[in-house]
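# Understanding the architecture of this molecule
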Amino acid sequence: MLRRLDKVMSAFVESKLGDHDLSYQQWIALRTVTEGIVGNPGQLARELGITTGAATRLIDVLETRGLLERDRGDADRRVVRLAVTPAGRDMVFALQPLVVNAWNEVVAEYSQQEAAEMVAVLVKLLAAAERVAGDLPPVEREA
């Protein structure tokens with residue numbers, strides 16, 4: 001059910017972003033970097049549940065569009081940090097109301113208490129899954 005919800009909501013939110021030439025996954029990638037949730041390509045791949053190759057292609061597209069930059073460290077050129085450009089940050093904040101409104105449309109029939117309980121259950125489920133899975137690498141999928 002969670003996988004189906006992810007697919008349905010991704011398609012729904014994507015339909016709301018249609019005129020902005022940015023996919024929902026690209027928006028999520030920009031947002032997670034903007035918020036400091038991820039800082040390098042490997043972390044981005046894990047956060048999105050995609051292969052490192054798919055993450056590289058995603059980063060390439062965002063970098064070509066001037067929304068994201070790779071920053072190689074001076075001390076160790078092998079270390080690649082991701083940074084959102086001002087244009088990328090603007091895109092994240094410009095599209096955030098569309099994403100939030102799409103989700104609000106879906107949960108409109110829930111009371112505040114029901115929504116809070118649903119979030120609490122999902123947070124608890126995620127924490128349990130991460131604890132049980134431990135250091136297992138996530139199952140990766142292509143973007």
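The structure under discussion appears in the preceding block.
Read on for an overview of the structure.

Analysis parameters
Residues numbered from 1 in each chain as written. Predicted model: local features only at pLDDT ≥ 70, side-chain atom pairs only at ≥ 80, totals over all residues. Heavy atoms only, no water. Helix = DSSP H or I, 4+ residues; strand = E, 2+ residues; numbered from the N terminus. Buried < 20%, exposed > 50% of the residue type's maximum accessible area, 1.4 Å probe, protein only. Contact = heavy atoms within 4.5 Å. Areas by Shrake-Rupley, 256 points an atom, 1.4 Å probe, with all protein chains shown as cover. Salt bridge = Lys/Arg side-chain N within 4 Å of Asp/Glu carboxyl O. Patch = residues over 30% accessible without salt bridge, like charges linked within 9 Å, V, L, I, M, F, W, Y side chains within 5 Å. Expected span 1.5 Å × (residues − 1). Core = buried A, V, L, I, M, F, W, Y, C linked by side-chain atoms within 4.5 Å.

So, about the overall build of the chain. Looking only at helices and strands, the chain features six helices and two strands. Mapped in sequence order, the helices and strands of the chain form the string α-α-α-α-β-β-α-α. C-alpha atoms of the chain, sized along the principal axes, occupy 50 × 40 × 25 Å. Within the chain, the fraction of its 143 residues that count as buried is 26%. For the chain, long-range pairs separated by at least 24 residues make up 59% of all intrachain contacts whose partners lie at least 6 apart in sequence. Accessible surface for the chain amounts to roughly 9,600 Å². Of this, 56% is attributable to carbon and sulfur atoms.

So, on to the pattern of salt bridges. If you walk through the whole model with that rule in mind, you get five salt bridges. Salt-bridge contacts for Glu63 lead to Arg70; the nearest nitrogen and oxygen are separated by 2.4 Å. A relative accessible area of 25% means that Arg70 is categorised as partly exposed. Each of the salt bridges in this network shares a partner with another, and the network as a whole consists of Asp60, Glu63 and Arg70.

On the surface, Leu2, Leu5, Trp103, Tyr110, Met118, Leu122 and Leu125 cluster together into a nonpolar patch covering about 620 Å² of accessible area. For the nonpolar patch, the secondary structure elements donating two or more residues are α1 (2-16) and α6 (112-133). A per-element tally of the nonpolar patch places α6 first, with three residues. Following the sequence through the fold, Leu5 ends up in helix α1.

Here we take up α6. For α6, which comprises 22 residues, the first-to-last C-alpha distance of 31 Å matches the rise-based estimate of 32 Å (1.5 Å per residue) to within 8%. One or two steps after α6, the chain reaches Gly134, where phi turns positive at roughly 55 degrees.

Time to look at the nonpolar core. Grouped together as the largest cluster of nonpolar side chains are 28 residues, with contacts concentrated most on Leu22, Trp27, Leu30, Leu44, Leu62 and Leu68. Contributing elements (two or more residues each) for this core: α1, α2 (24-34), α3 (41-48), α4 (52-64), β2 (80-84) and α5 (86-106). Those residues in contact with Leu62, other than ones at most four positions away along the chain, are Leu22, Gln26, Ala29, Leu30, Leu67 and Leu68.

As a further point, take the side chain of Thr85. Mapped onto the elements of the fold, Thr85 is located in the loop between β2 and α5. When sequence neighbours within four positions are dropped, the list of residues in contact with Thr85 reads Gly66, Leu67, Leu68 and Glu69.

Worth remembering: the numbers are spatial, not functional.
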